[in-house]
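Structure at a glance
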Amino acid sequence: MSTASAAPVRSRRIRGAGLGVAAWLIGLLFFLPIAWMALTSFHSEADAATNPPSWAAALTLDGYREFFGVGGGASPWPALINSTVASLASTLCVLLLALPAAYALSIRPVKKWTDVLFFFLSTKMLPVVAGLLPIYLFAKNTDFLDNIWLLVILYTSMNLPIAVWMMQSFLAEVPVAIIEAAHLDGARLPTILARVVAPIAAPGIAATALICFIFSWNELLFARVLTGVVAETAPVFLTGFITSQGLFLAKVCAASLVISLPVLAAGFAAQDKLVQGLSLGAVK
């Protein structure tokens, strides 16, 4: 290989190595706060409150013991179960409603389907706090306060617009010829959606489901106002550790880490589908 032809190759290798180093640095920058929170959760409250923090302080599980109610404190399991039920049920409802809606807007488009998509997106422009009072009054008058199924309905309505918007772009990549062949074989719409469209668009559906699950799991405002003891969710339970007096940093870090684990586990388990779904249609 001549010197002239080797120079571009060497330049590309150096550029690739530089991009790799930059990617690692950016990844570490995002990971550092999580590592800091995890380390703080294993410190005592006195060590966690020092400024600057002591990296060499003795490790302890006291924060996790207090979070799980060892010694007489409140148990987090009802709140964790409520968050799981609300997130999974609302995500399932969103997928069941968004799939046929996205089918109608992409594969079998209705008239002025772009206006329909804009309407869906415009519903996300309303500040959540603007609808809080009417929803609270409705829940109060219908005896729905402190009811986990009210959160399921709210989370479904909140996540449905973004789910339809996402899945419309995913379903637009499904070959129409396959659907027409299923029609010729006598398949009805529910069968086509379940056995033809859903398997092909599985990465996009998985990405949409994961995003809806994360949004539902992390939601705090409605859960804080509309629930009490029976339907309390994990984020609401977490806010109970923050007081005006005393030390609570280690306990809050331990609780935050435990509450974040379901989302992290779901993201890790579906990472391949998530990457495929978010990049679906990016390369023609």
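Residues numbered from 1 in each chain as written. Predicted model: local features only at pLDDT ≥ 70, side-chain atom pairs only at ≥ 80, totals over all residues. Heavy atoms only, no water.

The backbone of aspartate 143 sits at a positive phi, close to 55°, despite the residue not being glycine. Counting through the fold element by element, aspartate 143 comes out in the loop between α6 (132-141) and α7 (148-171). Notably, aspartate 146 is not glycine yet its phi reads approximately 60°, a positive angle. Summarising the element assignment, aspartate 146 is placed in the loop between α6 and α7. Judged by its relative accessible area of 22%, aspartate 146 is partly exposed. (Helix = DSSP H or I, 4+ residues; strand = E, 2+ residues; numbered from the N terminus. Buried < 20%, exposed > 50% of the residue type's maximum accessible area, 1.4 Å probe, protein only.)

Looking now at the UniProt feature "transmembrane region" (unreviewed entry) in the chain. According to UniProt, the feature "transmembrane region" (unreviewed entry) maps to residues 21-39, 85-105, 117-136, 148-171, 192-216, 222-241 and 248-270 in the numbering used here. Counting secondary structure, residues 21-39 comes out at 100% helix and 0% strand; the distance between its end C-alpha atoms is 25 Å. (UniProt positions renumbered as here; feature names shortened; annotations may be inferred.)

What follows deals with the environment of threonine 114. For threonine 114, the location among the structural elements is in helix α5 (residues 113-122). On the basis of relative accessible area, threonine 114 is assigned to the partly exposed category, the value being 46%. Residues threonine 114 and phenylalanine 241 lie 127 residues apart in sequence; the distance between their C-alpha atoms is 46 Å.

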